[in-house]
Amino acid sequence: MTYAANPKFAVGQPVSRTEDPKLVRGAGRFTDDINLPTQLYAVFARSPHAHGVIRGIDIAAARAMPGVLGVFIGTDIEAGGFGRMPCGLTAPNRDGSAMVKPSRVALAVDKVRFVGDPVAVVVAETAAQARDAAEAVVLDLDPLQAVTTAESAMAANAPRIHDEAIGNVFLDYHYGDTAKVAAAFAQAAHVTQLDLCSNRIAVSPMEPRCAAGQYDDGQWTLHVGCQGPFATRNTLAREILKAAPDKVRVITGNVGGSFGMKAPLYPEYVAVLFAARALGRPVKWANDRSESFLSDGHGRDHQMHAELALDRDGNFLAVRITGTGNLGAYPGQATVIPASANVVKNIIGVYRTPLLEVSTKCVFTNTAPVGAYRGAGRPEANYYMERLVDQAAREMGIDRVELRRRNHIPADLMPYGTPSGQTYDSGEFTAVLDKALLFADWNGFEDRKRESERRGLLRGRGIGQYLEVTAPPASEMCSIRFETGGNITLTTGTLDQGQGHATPFAQVAAQRLGVPFERIALRQGDSDDLKAGGGTGGSKSMVSAGKAIVEACDKVVAQGRQIAAFVLNASEGEITFNDGRFAVEGQADRNLGIGDLLEVIGGGLPLPAHLPQSLDVEHIAQTPPSTFPNGCHIAEVEIDPATGVVRVDRYSMVNDFGVMINPLLVEGQAQGGVVQGLGQALMELVIYDESGQLLTGSYTDYAMPRAEDMPELRFASHPVPATTNPLGAKGCGEAGCAGALPSIMNAAVDALSKYGIMHMDMPATAPRVWQAIREKAPAL
Amino acid sequence: MPNVSLTVNGKAVSRDVDTRTLLVQFLRENLGLTGTHIGCDTTQCGACTVHVDGKALKSCTVLALQVEGKTVRTIEGLADGEKLHPMQEAFREHHGLQCGFCTPGMIMSAVDLLNRHKSPSEETIRHELEGNLCRCTGYANIVKAVQAAASAPRG
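Everything numeric here is computed off the predicted structure, so don't read it as measured data. (Residues numbered from 1 in each chain as written. Chains lettered and ligands numbered in written order. Predicted model: local features only at pLDDT ≥ 70, side-chain atom pairs only at ≥ 80, totals over all residues. Heavy atoms only, no water.)

In many reports, interface size means the accessible area that the parts give up when they come together. In this assembly, 55 residues from chain A lie in contact with 49 residues from chain B. The contact between chain A and chain B buries some 4100 Å² in all, and 53% of this surface belongs to carbon and sulfur atoms. Broken down residue by residue, the surface that chain A buries against chain B is led by Val-24, Arg-25 and Met-206 of chain A, which jointly contribute 18%. Linking chain A with chain B are four salt bridges, by the criterion used here. Asp-132 of chain A is the partner of Arg-20 of chain B in a salt bridge, and the nearest nitrogen-oxygen pair spans 2.6 Å. In this structure, the connection of chain A to chain B is made through 25 residue pairs in polar contact (both at pLDDT 80 or more). For the side of chain A that touches chain B, the elements supplying multiple residues, two or more each, are α1 (20-23), α4 (127-135), β9 (201-202), α9 (289-295) and α18 (663-682) of chain A. If you tally residues by element for the side of chain A that touches chain B, the top one is α18 of chain A, at eight residues. (Contact = heavy atoms within 4.5 Å. Buried area = accessible area lost by both parts, 1.4 Å probe. Salt bridge = Lys/Arg side-chain N within 4 Å of Asp/Glu carboxyl O. Polar contact = N/O pair within 3.5 Å; in protein donor to acceptor, adjacent residues only side chain to side chain. Helix = DSSP H or I, 4+ residues; strand = E, 2+ residues; numbered from the N terminus.)

Structure, rendered in structure tokens:
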């Protein structure tokens, strides 16, 4: 049979995705598309109050409603022997003490702590019956005062949300040498300071959260959209179900986007498993979007005081970030990393800043828990730094391009150790900037500005030069199985949520093994298949699964070499492997392709016991160090001073993603990152009122970018291969956000500087911009 | 329970339904046509877009009983057997989808758009798609796909 790699699917080719024929037909298998035989439907009763002591939960009326088979509350779950919601993170406070980790029962038992906090699960024969009955659950509360911002939560008279958390502080984080940084600021010729917020985001993958639980004779199964079934299974087994890992199976089909939000274990998943066991039938639950706004993990919500110390020539001496992260009501589902460690890692970016200090108080509030969102602190850190750089340039009268060039880490200093403990393996930051300026026609700006002004519009341009530190090393697996007939199944512990893993992973394997791309299928999403797997997050999948695939392919070749030596009657040392063929060195006619070898093995040729009996491998790799994708995005905005409407008119980006396995998908990832960045910069904001009621509870109130809001996104590359992974790849999934926040906001401020406006908070919505202009120019 | 009879993807169907059953629920739950997705509950996201009597409609905001006697086409009814509809093909070729959740609704809206505009400008395409949210793509490749489908030969 013809069994060879086709160069049109080689690494570096823009191959369209193998999963798309299914998805464009609506034949994907998202969790809500799965119906289990005899399944029941769950709906949650949620707290309508942000904070209160639970006096009682009356479920009698709900229990008596038509079709209802069970109504369960937190005390049932506790009595059933289930563990409490876990919080895997541990970080020390600045005084060395451990961070507090208040425990949480999946359904609130003592208090409710945010609007949407689930208090009961109602299970019925139909979803409509369950919904009706959930309305009949009566929650008797003694309301308490609510706090919704970090500042109000830390106030002296604030109510305490968890008994353990004094002052509502979850983590008092600190990094850096306070004395040295203070000394640098004291001797600085100039200090630039800005108060910067990273606005709270409703993550909003288009597929709402959904789960179906099953219990059958000691065996648990959870169908759920997550970011890695291996870790989800382990946490569920160990922390919640107190079961051996092989008694728990997590199955994930298509995931309709996640962006960090679907990574943690949510209380609803625990409740459907509990109900499934209690009722002896599978139980499925699908969140309404209205509930998603209330109960999904939110993103961002940091408030930082940012300071940059410079010498007379504009050299950066130190950067200091001091502020708060609003973590919402519970740990576990919330994560402190975006407001703490990821600011440290990423604030250095592309610059030679020798000193840094980051102090963050991560604080509980009566709002939905805040977790990871695309970049998880990386885009924010780049935003803080790039706003400081533009501001410093303006204040010191130095050209903003020149100030960046002056402070770049030069390419000849690679590998470069940063003061935050990272070692950059590669990067050409000045070259990236220069290329971006050309690509964006930076010098043609004045003509475009005059043209905008002729139409009565302000025009501004902004640079966002970012560097992201992608996820740290973990372990990741790849198994390769050669099926009868010649198809190849790759299995990885990473998990696609729309990124398109199947195609680039197959491109890598096809090229390494010299086998047909079309024969390779990717299997993910079943914890029973997995021996390891960090899942997908932190822009690491191509790098981590890529290394696992490369090493697994090497093992296939090693096994093939042994078998080929036997079949070709040669010694193993004589066997070479090139383009999918094993040959005896120097005797090209004595050769076997992988396809031939499969036929020989499949044909039943007895192989001596000391030889591998197949080409199949199961490999666990230690994944490579973080990569350092970087780039320079340049935005130009037009602002209508009469209305305050900000429109991004031009958007150009030059990115260094190292070796791009599939540039079509890389560009798609970058575009997706930019749209989420644009949304955060100009439109998106989760708003709670003072009592903790969510005011932005639907897409009519929460503005997410639509097709009309987006400019053309111009994409170019300056690839510098990473030296720390075998593919030379750098993570691309989150970088778009990192470039978009600063480039768009620097452009908006540039346009508004005409009125002496030196800063705008995100999101720069029309009312805010209009107000800012009116304050400076009332006569307008 | 009252009965509803209609034509879905060329086939006559008839079912007894709870009066409050939405068309999208009817398609997904009663007929097992799970390609039509539910992304919100306020008629904002467009993931549930189908065609009713040839026009795009958000199936989350109409009762199944309201489409009595009408002709419904869902994403499953778009391709010609193995052969993808030109719009599906264009989305596939131009990487107009990532997670694929908004995609069925987006494609149904885009087909409707081309039914009404023979050669739409980029501006028209972006404006016409305002009823369909996508969180993944930045819309760049969606617009490209619709442009490509607009210039593809039509059968």
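Still more ground to cover, so stick around.
For the rest of this paragraph, the subject is the layout of surface pockets. Looking at the second largest pocket, its volume works out to about 1100 Å³. Taken together, 40 residues form the lining of the second largest pocket, with Ala-127, Ala-128 and Arg-131 of chain A together with Gln-25 and Glu-29 of chain B sitting closest to its centre. Of all the secondary-structure elements, those providing two or more residues to the lining of the second largest pocket are β1 (40-46), α4, β13 (283-286) and α9 of chain A together with α1 (23-30) of chain B. The element that contributes the greatest number of residues to the lining of the second largest pocket is α1 of chain B, accounting for five residues. Looking at the lining of the second largest pocket, its residues break down into 18 nonpolar, seven polar and 15 charged. (1 Å grid on protein atoms, 1.4 Å probe; cavity = no way out; pocket = protein on both sides within 12 Å on 5 of 7 lines; lining within 4 Å. Points joined across faces, edges and corners; volume = space filled by probe spheres on them. Nonpolar A, V, L, I, M, F, W, Y, C, P; charged D, E, K, R; others polar.)

Right, let's get into the sheet that holds β9 of chain A. Residue and element names in this part refer to chain A. The strand order β9-β14-β18 describes an open sheet built from three strands, whose pairing is mixed. Where the open sheet ends on each side, the last strands, each with one partner, are β9 and β18 (370-371). Sheet topology places β9 next to strand β14 (residues 298-299); two bridges connect them, and they run antiparallel. Bridge pairing in β14 places Ile-201 opposite Gly-299. (Pairing = 2+ DSSP bridges.)

Another point: the pattern of salt bridges. Residues and elements named next belong to chain A. Considering all chains together, one arrives at 56 salt bridges over all chains under this definition. The residue Arg-320 makes a salt bridge to Glu-307 at a minimum N-O spacing of 2.9 Å. Of this pair, Arg-320 sits in strand β16 (residues 316-328) while Glu-307 sits in strand β15 (residues 302-310), and the two are 13 residues apart along the sequence. Glu-307 carries the same exposure label as Arg-320, and that label is buried. A cluster of three or more residues bridged by salt bridges with shared partners is formed by Asp-441, Arg-448, Glu-451, Arg-455, Arg-459, Glu-636, Glu-638, Arg-647, Asp-649 and Arg-650. (Buried < 20%, exposed > 50% of the residue type's maximum accessible area, 1.4 Å probe, protein only.)

Interpretation note: all reported values are geometric properties and have no functional meaning in isolation.
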